[in-house]
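# Examining the three-dimensional arrangement
So you can see what is in the structure, the chains are spelled out below.
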Amino acid sequence: MIDGHGDDRYRYDELVQMNFSTTIYQHADHSALKEYLMDHFDVIGHYPESQPRQLEKLIAHQLGISPECVMVTNGSTEAIYIIAQLFRHSCSIIPQPTYSEYADACRLNRHVLTFESNDDVTELPKDRVYWVCNPNNPSGNVLKKGFVDYVVRRSPRYTFVIDQSYGVFTKEPLLEARDMQGLPNVILLHSLSRKYSVPGLRLGYITAHPSTILLLRALRHPWSVPALSIEAGKFLIQQGRPAIDDLNAYLIETQRLRSELRKINGIRVFETKTNYMLCELSDSTAEALKKYLVHEHGMLIRDCYNFYGLSKGHFRISAQQAEENDALVAAIRQFVEEEQQKNA
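Figured I'd write up the structure that's included with this text. Computed from a predicted model, the values in this text were never measured in an experiment.

Cut-off values and rules
Residues numbered from 1 in each chain as written. Predicted model: local features only at pLDDT ≥ 70, side-chain atom pairs only at ≥ 80, totals over all residues. Heavy atoms only, no water. Buried < 20%, exposed > 50% of the residue type's maximum accessible area, 1.4 Å probe, protein only. Helix = DSSP H or I, 4+ residues; strand = E, 2+ residues; numbered from the N terminus. Arc of directions from axis to C-beta. Contact = heavy atoms within 4.5 Å. Pairing = 2+ DSSP bridges. Axes fitted to C-alpha atoms, helices over the stretch in contact; angles between N-to-C directions. Parallel < 35°, antiparallel > 145°, perpendicular 65-115°, else oblique. Left-handed = near helix turned anticlockwise from the far one by under 90°. Nonpolar A, V, L, I, M, F, W, Y, C, P; charged D, E, K, R; others polar. Core = buried A, V, L, I, M, F, W, Y, C linked by side-chain atoms within 4.5 Å. Polar contact = N/O pair within 3.5 Å; in protein donor to acceptor, adjacent residues only side chain to side chain.

What follows concerns helix α8 (residues 210–217). Residues of α8 that are buried include every one of T212, I213, L216 and R217, and no others. Down the axis of α8, the sector holding all buried residues measures 135°, keeping them to one side. Among the exposed residues of α8, those pointing more than 90 degrees away from its buried face are L214 and L215. Residues of α8 that are buried make contact with α2 (53–63), β2 (70–74), α3 (75–86), β7 (186–191) and β8 (203–208).

Printed below as a string of C-alpha coordinates:
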(Lines give C-alpha, C1' and ligand atoms only; values in the text may rest on other atoms or scores of the structure.)
Protein backbone atom coordinates (compact mmCIF):
# COMPACT_ATOMS: atom_id res chain seq x y z
CA MET A 1 0.00 0.00 0.00
CA ILE A 2 1.38 3.39 -0.97
CA ASP A 3 1.62 5.90 1.86
CA GLY A 4 -0.46 9.00 1.31
CA HIS A 5 -4.10 7.99 1.09
CA GLY A 6 -6.83 10.47 1.98
CA ASP A 7 -8.12 11.01 5.50
CA ASP A 8 -4.70 10.92 7.18
CA ARG A 9 -5.91 13.11 10.03
CA TYR A 10 -4.28 10.71 12.49
CA ARG A 11 -1.00 12.46 11.58
CA TYR A 12 -2.20 15.78 12.96
CA ASP A 13 -3.61 14.93 16.40
CA GLU A 14 -6.36 17.44 17.19
CA LEU A 15 -5.42 20.05 14.58
CA VAL A 16 -8.03 19.03 11.99
CA GLN A 17 -11.45 20.59 12.48
CA MET A 18 -12.72 20.29 8.90
CA ASN A 19 -11.88 17.26 6.76
CA PHE A 20 -12.03 17.71 2.99
CA SER A 21 -9.43 15.02 2.28
CA THR A 22 -11.72 12.00 2.16
CA THR A 23 -14.61 11.31 -0.20
CA ILE A 24 -16.66 10.25 2.85
CA TYR A 25 -19.35 12.72 3.91
CA GLN A 26 -18.35 13.97 7.36
CA HIS A 27 -21.77 14.83 8.80
CA ALA A 28 -23.61 11.51 8.80
CA ASP A 29 -25.98 10.76 11.70
CA HIS A 30 -24.79 7.48 13.24
CA SER A 31 -26.91 7.67 16.39
CA ALA A 32 -29.25 4.80 15.42
CA LEU A 33 -26.32 2.59 14.40
CA LYS A 34 -24.48 3.33 17.65
CA GLU A 35 -27.54 2.40 19.69
CA TYR A 36 -28.00 -0.83 17.75
CA LEU A 37 -24.36 -1.86 18.11
CA MET A 38 -24.41 -1.19 21.85
CA ASP A 39 -27.40 -3.53 22.11
CA HIS A 40 -25.52 -6.18 20.13
CA PHE A 41 -22.04 -5.59 21.51
CA ASP A 42 -21.80 -9.12 22.86
CA VAL A 43 -21.03 -10.39 19.32
CA ILE A 44 -17.39 -9.45 19.93
CA GLY A 45 -17.21 -12.36 22.36
CA HIS A 46 -17.85 -14.88 19.59
CA TYR A 47 -16.27 -15.72 16.26
CA PRO A 48 -18.09 -14.21 13.28
CA GLU A 49 -19.19 -16.33 10.35
CA SER A 50 -16.07 -17.48 8.53
CA GLN A 51 -17.79 -16.04 5.45
CA PRO A 52 -20.54 -13.45 6.11
CA ARG A 53 -23.32 -15.31 4.29
CA GLN A 54 -26.19 -13.70 6.23
CA LEU A 55 -25.10 -10.23 5.19
CA GLU A 56 -24.56 -11.43 1.62
CA LYS A 57 -28.12 -12.73 1.49
CA LEU A 58 -29.47 -9.37 2.65
CA ILE A 59 -27.44 -7.52 0.01
CA ALA A 60 -28.52 -9.96 -2.70
CA HIS A 61 -32.17 -9.51 -1.76
CA GLN A 62 -31.79 -5.73 -1.90
CA LEU A 63 -30.16 -5.93 -5.35
CA GLY A 64 -32.53 -8.57 -6.71
CA ILE A 65 -29.80 -11.09 -7.49
CA SER A 66 -28.73 -14.53 -6.28
CA PRO A 67 -26.67 -14.70 -3.05
CA GLU A 68 -24.19 -16.78 -5.04
CA CYS A 69 -23.36 -13.59 -6.96
CA VAL A 70 -22.32 -11.63 -3.84
CA MET A 71 -19.20 -11.74 -1.68
CA VAL A 72 -18.81 -9.33 1.25
CA THR A 73 -15.24 -8.15 1.84
CA ASN A 74 -13.21 -6.20 4.37
CA GLY A 75 -13.69 -2.98 2.44
CA SER A 76 -13.15 -2.68 -1.28
CA THR A 77 -9.41 -2.99 -0.67
CA GLU A 78 -9.63 -6.67 0.26
CA ALA A 79 -11.71 -7.21 -2.86
CA ILE A 80 -9.04 -5.58 -5.05
CA TYR A 81 -6.25 -7.75 -3.66
CA ILE A 82 -8.23 -11.00 -3.91
CA ILE A 83 -9.15 -10.26 -7.53
CA ALA A 84 -5.52 -9.45 -8.36
CA GLN A 85 -4.53 -12.77 -6.77
CA LEU A 86 -7.13 -14.65 -8.82
CA PHE A 87 -5.58 -13.27 -12.02
CA ARG A 88 -1.98 -13.64 -10.84
CA HIS A 89 0.61 -13.21 -13.65
CA SER A 90 -2.04 -11.68 -15.96
CA CYS A 91 -1.71 -8.54 -18.03
CA SER A 92 -3.57 -5.66 -16.36
CA ILE A 93 -4.51 -2.38 -18.02
CA ILE A 94 -5.13 0.47 -15.57
CA PRO A 95 -6.01 3.84 -17.16
CA GLN A 96 -4.49 6.69 -15.16
CA PRO A 97 -4.75 8.67 -12.98
CA THR A 98 -6.82 6.46 -10.71
CA TYR A 99 -6.96 4.71 -7.34
CA SER A 100 -3.46 3.45 -6.53
CA GLU A 101 -4.43 0.14 -4.90
CA TYR A 102 -5.18 -1.49 -8.28
CA ALA A 103 -1.54 -1.16 -9.33
CA ASP A 104 -0.24 -2.08 -5.87
CA ALA A 105 -2.31 -5.27 -5.82
CA CYS A 106 -1.28 -6.19 -9.36
CA ARG A 107 2.42 -5.66 -8.65
CA LEU A 108 2.15 -7.87 -5.56
CA ASN A 109 0.66 -10.60 -7.73
CA ARG A 110 3.21 -10.18 -10.54
CA HIS A 111 0.93 -8.79 -13.24
CA VAL A 112 2.30 -7.26 -16.40
CA LEU A 113 1.13 -3.67 -16.02
CA THR A 114 0.33 -0.97 -18.54
CA PHE A 115 -1.03 2.47 -17.77
CA GLU A 116 -1.92 3.21 -21.41
CA SER A 117 0.96 5.60 -22.02
CA ASN A 118 3.60 5.65 -24.75
CA ASP A 119 6.36 4.12 -22.62
CA ASP A 120 4.31 1.11 -21.54
CA VAL A 121 3.99 -2.35 -23.05
CA THR A 122 3.47 -2.02 -26.81
CA GLU A 123 2.13 -5.51 -27.55
CA LEU A 124 -0.50 -6.74 -25.09
CA PRO A 125 -1.45 -10.39 -24.54
CA LYS A 126 -4.83 -11.44 -25.82
CA ASP A 127 -6.02 -12.23 -22.27
CA ARG A 128 -6.24 -9.01 -20.28
CA VAL A 129 -7.76 -7.55 -17.13
CA TYR A 130 -9.06 -3.98 -17.33
CA TRP A 131 -9.38 -2.06 -14.06
CA VAL A 132 -11.88 0.79 -14.30
CA CYS A 133 -12.79 3.12 -11.44
CA ASN A 134 -16.21 4.56 -12.25
CA PRO A 135 -16.80 7.19 -10.90
CA ASN A 136 -13.07 7.71 -11.04
CA ASN A 137 -10.91 8.74 -8.11
CA PRO A 138 -9.43 11.38 -8.00
CA SER A 139 -11.00 13.08 -11.05
CA GLY A 140 -14.72 12.59 -10.32
CA ASN A 141 -15.50 11.87 -13.97
CA VAL A 142 -18.04 9.15 -14.84
CA LEU A 143 -18.09 6.94 -17.93
CA LYS A 144 -21.52 6.60 -19.51
CA LYS A 145 -23.36 3.41 -18.56
CA GLY A 146 -24.18 2.60 -22.19
CA PHE A 147 -20.56 2.90 -23.25
CA VAL A 148 -19.27 0.63 -20.46
CA ASP A 149 -22.01 -1.93 -21.10
CA TYR A 150 -21.23 -1.94 -24.83
CA VAL A 151 -17.49 -2.45 -24.32
CA VAL A 152 -18.00 -5.22 -21.75
CA ARG A 153 -20.43 -7.19 -23.90
CA ARG A 154 -18.37 -6.76 -27.06
CA SER A 155 -15.19 -8.04 -25.38
CA PRO A 156 -16.02 -11.39 -23.74
CA ARG A 157 -12.37 -12.51 -23.75
CA TYR A 158 -11.28 -9.63 -21.51
CA THR A 159 -12.07 -9.39 -17.80
CA PHE A 160 -13.38 -6.04 -16.58
CA VAL A 161 -13.02 -5.11 -12.91
CA ILE A 162 -15.30 -2.10 -12.54
CA ASP A 163 -15.03 -0.35 -9.20
CA GLN A 164 -18.30 1.47 -8.50
CA SER A 165 -17.46 2.17 -4.86
CA TYR A 166 -17.87 5.91 -5.45
CA GLY A 167 -21.20 5.42 -7.21
CA VAL A 168 -23.08 6.59 -4.12
CA PHE A 169 -21.71 10.08 -4.80
CA THR A 170 -23.17 10.58 -8.28
CA LYS A 171 -26.56 10.75 -10.00
CA GLU A 172 -25.11 9.40 -13.24
CA PRO A 173 -26.47 5.93 -14.18
CA LEU A 174 -24.06 3.05 -13.56
CA LEU A 175 -24.04 -0.67 -14.31
CA GLU A 176 -26.61 -2.67 -12.33
CA ALA A 177 -25.53 -5.89 -10.63
CA ARG A 178 -28.70 -7.66 -11.78
CA ASP A 179 -27.83 -6.92 -15.42
CA MET A 180 -24.22 -8.09 -15.06
CA GLN A 181 -24.58 -11.28 -12.99
CA GLY A 182 -24.86 -13.43 -16.12
CA LEU A 183 -21.60 -12.14 -17.64
CA PRO A 184 -18.52 -14.10 -16.50
CA ASN A 185 -16.12 -11.36 -17.65
CA VAL A 186 -17.45 -8.61 -15.33
CA ILE A 187 -16.62 -8.05 -11.66
CA LEU A 188 -18.28 -5.10 -9.90
CA LEU A 189 -16.98 -3.57 -6.67
CA HIS A 190 -19.25 -1.78 -4.20
CA SER A 191 -18.80 0.05 -0.89
CA LEU A 192 -21.11 0.08 2.11
CA SER A 193 -18.45 2.13 3.90
CA ARG A 194 -18.99 5.07 1.55
CA LYS A 195 -22.76 4.70 1.25
CA TYR A 196 -23.24 4.91 5.02
CA SER A 197 -20.09 6.90 5.92
CA VAL A 198 -18.60 4.11 8.04
CA PRO A 199 -15.07 3.60 6.60
CA GLY A 200 -13.77 2.40 9.95
CA LEU A 201 -16.00 -0.66 9.72
CA ARG A 202 -14.38 -1.77 6.43
CA LEU A 203 -17.44 -3.02 4.56
CA GLY A 204 -17.43 -3.66 0.83
CA TYR A 205 -18.70 -6.34 -1.50
CA ILE A 206 -18.22 -7.89 -4.91
CA THR A 207 -20.98 -8.81 -7.37
CA ALA A 208 -20.07 -11.17 -10.21
CA HIS A 209 -20.99 -14.38 -12.01
CA PRO A 210 -21.41 -17.29 -9.52
CA SER A 211 -18.42 -19.14 -11.00
CA THR A 212 -16.20 -16.10 -10.39
CA ILE A 213 -17.47 -15.64 -6.84
CA LEU A 214 -16.72 -19.31 -6.14
CA LEU A 215 -13.11 -18.84 -7.24
CA LEU A 216 -12.74 -15.66 -5.19
CA ARG A 217 -14.14 -17.31 -2.05
CA ALA A 218 -11.41 -19.94 -2.24
CA LEU A 219 -8.73 -17.22 -1.95
CA ARG A 220 -10.02 -15.21 0.98
CA HIS A 221 -8.94 -15.64 4.58
CA PRO A 222 -11.60 -16.90 6.99
CA TRP A 223 -13.06 -14.34 9.40
CA SER A 224 -11.76 -11.42 7.35
CA VAL A 225 -14.86 -9.35 8.21
CA PRO A 226 -15.18 -8.74 11.99
CA ALA A 227 -18.35 -9.65 13.87
CA LEU A 228 -19.19 -6.06 14.79
CA SER A 229 -18.85 -4.97 11.16
CA ILE A 230 -21.14 -7.78 10.01
CA GLU A 231 -23.70 -6.79 12.61
CA ALA A 232 -23.48 -3.15 11.53
CA GLY A 233 -23.85 -4.15 7.89
CA LYS A 234 -27.00 -6.13 8.61
CA PHE A 235 -28.52 -3.16 10.42
CA LEU A 236 -27.57 -0.68 7.70
CA ILE A 237 -28.97 -2.85 4.89
CA GLN A 238 -32.25 -3.49 6.70
CA GLN A 239 -32.88 -0.17 8.45
CA GLY A 240 -30.13 2.29 7.68
CA ARG A 241 -30.45 5.38 5.53
CA PRO A 242 -27.64 6.54 3.23
CA ALA A 243 -25.38 9.08 4.89
CA ILE A 244 -26.38 11.70 2.32
CA ASP A 245 -30.12 12.29 2.63
CA ASP A 246 -30.45 14.62 -0.36
CA LEU A 247 -27.83 13.79 -2.98
CA ASN A 248 -29.23 16.31 -5.46
CA ALA A 249 -28.79 19.19 -3.02
CA TYR A 250 -25.33 17.93 -2.05
CA LEU A 251 -24.16 17.81 -5.66
CA ILE A 252 -25.54 21.30 -6.27
CA GLU A 253 -23.47 22.49 -3.32
CA THR A 254 -20.46 20.69 -4.79
CA GLN A 255 -20.84 22.60 -8.04
CA ARG A 256 -21.19 25.87 -6.11
CA LEU A 257 -17.93 25.08 -4.32
CA ARG A 258 -16.25 24.34 -7.65
CA SER A 259 -17.54 27.61 -9.08
CA GLU A 260 -16.14 29.59 -6.14
CA LEU A 261 -12.75 27.89 -6.37
CA ARG A 262 -12.55 28.66 -10.08
CA LYS A 263 -12.69 32.37 -9.25
CA ILE A 264 -9.27 32.12 -7.59
CA ASN A 265 -6.44 33.00 -9.98
CA GLY A 266 -3.77 30.33 -9.98
CA ILE A 267 -6.04 27.30 -9.51
CA ARG A 268 -7.44 24.95 -12.11
CA VAL A 269 -10.53 23.04 -11.00
CA PHE A 270 -11.52 20.04 -13.09
CA GLU A 271 -15.09 19.09 -13.93
CA THR A 272 -16.75 16.49 -11.72
CA LYS A 273 -19.93 14.42 -11.55
CA THR A 274 -19.40 13.55 -7.89
CA ASN A 275 -19.00 15.19 -4.48
CA TYR A 276 -15.21 15.46 -4.89
CA MET A 277 -13.05 17.30 -7.39
CA LEU A 278 -9.47 17.46 -8.61
CA CYS A 279 -7.65 20.80 -8.47
CA GLU A 280 -4.21 22.03 -9.53
CA LEU A 281 -2.09 24.89 -8.22
CA SER A 282 0.01 26.75 -10.78
CA ASP A 283 2.36 28.66 -8.43
CA SER A 284 2.93 26.29 -5.51
CA THR A 285 2.67 22.67 -4.40
CA ALA A 286 -0.23 20.78 -2.91
CA GLU A 287 2.05 19.72 -0.08
CA ALA A 288 2.64 23.35 0.90
CA LEU A 289 -1.08 24.11 0.68
CA LYS A 290 -1.93 21.07 2.79
CA LYS A 291 0.51 22.08 5.54
CA TYR A 292 -0.77 25.64 5.48
CA LEU A 293 -4.42 24.63 5.73
CA VAL A 294 -3.82 22.17 8.57
CA HIS A 295 -1.70 24.45 10.73
CA GLU A 296 -3.36 27.78 9.98
CA HIS A 297 -7.01 26.83 9.51
CA GLY A 298 -7.50 23.31 10.86
CA MET A 299 -8.47 21.98 7.41
CA LEU A 300 -7.29 18.81 5.71
CA ILE A 301 -7.11 18.19 1.94
CA ARG A 302 -5.83 15.27 -0.16
CA ASP A 303 -2.39 15.85 -1.68
CA CYS A 304 -2.42 13.89 -4.97
CA TYR A 305 1.35 13.58 -5.41
CA ASN A 306 1.18 9.76 -5.48
CA PHE A 307 -1.33 9.45 -8.32
CA TYR A 308 0.44 8.33 -11.48
CA GLY A 309 0.57 11.14 -14.05
CA LEU A 310 -0.33 14.00 -11.71
CA SER A 311 1.96 16.84 -10.68
CA LYS A 312 3.00 18.14 -7.28
CA GLY A 313 0.39 20.84 -7.69
CA HIS A 314 -2.62 18.50 -7.80
CA PHE A 315 -4.93 18.05 -4.84
CA ARG A 316 -8.43 16.68 -4.23
CA ILE A 317 -11.18 18.00 -2.02
CA SER A 318 -14.69 16.77 -1.25
CA ALA A 319 -17.57 19.09 -0.52
CA GLN A 320 -18.91 19.32 3.01
CA GLN A 321 -21.46 21.76 4.43
CA ALA A 322 -21.84 25.19 2.84
CA GLU A 323 -20.23 27.18 5.65
CA GLU A 324 -17.24 24.82 5.70
CA ASN A 325 -16.90 25.05 1.93
CA ASP A 326 -16.91 28.83 2.11
CA ALA A 327 -14.23 28.77 4.79
CA LEU A 328 -12.09 26.48 2.63
CA VAL A 329 -12.39 28.79 -0.39
CA ALA A 330 -11.36 31.79 1.73
CA ALA A 331 -8.37 29.93 3.18
CA ILE A 332 -7.16 28.71 -0.21
CA ARG A 333 -7.55 32.19 -1.68
CA GLN A 334 -5.45 33.60 1.16
CA PHE A 335 -2.73 30.99 0.57
CA VAL A 336 -2.62 31.61 -3.19
CA GLU A 337 -2.43 35.38 -2.75
CA GLU A 338 0.40 35.08 -0.23
CA GLU A 339 2.31 32.73 -2.56
CA GLN A 340 1.85 35.08 -5.48
CA GLN A 341 3.19 37.97 -3.41
CA LYS A 342 6.27 35.91 -2.50
CA ASN A 343 6.92 35.15 -6.15
CA ALA A 344 6.26 38.70 -7.40
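Still more to cover.
For the rest of this paragraph, the subject is the side chain of T212. Following the sequence through the fold, T212 ends up in helix α8. What makes T212 buried here is its relative accessible area of 8%. When sequence neighbours within four positions are dropped, the list of residues in contact with T212 reads L86, P184 and I187.

A word on the sheet that holds strand β3 (residues 91–93). Reading across the sheet, the seven strands line up as β2-β8-β7-β6-β5-β3-β4 and stay open at both edges, with mixed pairing between neighbours. The sheet is open, and its two edges are formed by β2 and β4 (112–114), each paired on a single side. Across this sheet, the average inter-strand angle for adjacent strands is 20°, counted without regard to direction. Note that strand β6 (residues 159–163) and β7 share four bridges and pair parallel. From the neighbouring strand, V161 faces β7, where its bridge partner is I187. Most of the contacts of α3 go to β2, to which it runs at about 115°, and overall it touches β2, β5 (128–133), β6, β7 and β8.

Let us now look at the packing of helix α11 (residues 286–297) against helix α12 (residues 322–343). With their axes 11 Å apart at the nearest point, α11 and α12 run at an angle of 120° to one another. Judged by the angle between their axes, α11 and α12 are oblique. Crossing of α11 against α12: the hand is right-handed. Residue-level contacts link A288, L289, Y292, L293 and H297 of α11 to L328, A331, I332, Q334, F335 and E338 of α12. For the contact of α11 with α12, the residue count by class is eight nonpolar, two polar and one charged.

Counting residues in hydrophobic clusters, the biggest one holds 57 residues, and the most contacted among them are W131, I206, L261, I317 and I332. Here this core takes six residues from α12, the largest share from any one element. I317 has contacts with F20, L257, L261, N275, Y276, M277, C279, I301 and L328, leaving out every residue within four places of it along the chain. With 23 residues, the next largest nonpolar core counts V72, A177, A232 and F235 among its residues.

Positionally, S311 belongs in the loop between β12 (302–303) and β13 (314–318). Through-space distance from the C-alpha of S311 to that of T285 is 8.6 Å; in sequence the pair is 26 residues apart. With residues up to four places along the chain from it excluded, the contact list for S311 reads E280, C304 and Y305. Separated by 3.3 Å, the side chains of S311 and E280 make a polar contact.

Burial analysis of β7 places six of its six residues in the buried class, the great majority of the element. Taking every second residue as pointing to the same face, both faces of β7 are buried, with V186, L188 and H190 on one and I187, L189 and S191 on the other. Note: β7 against β8, five bridges, orientation antiparallel. Considered in β8, the bridge of I187 is made with A208.

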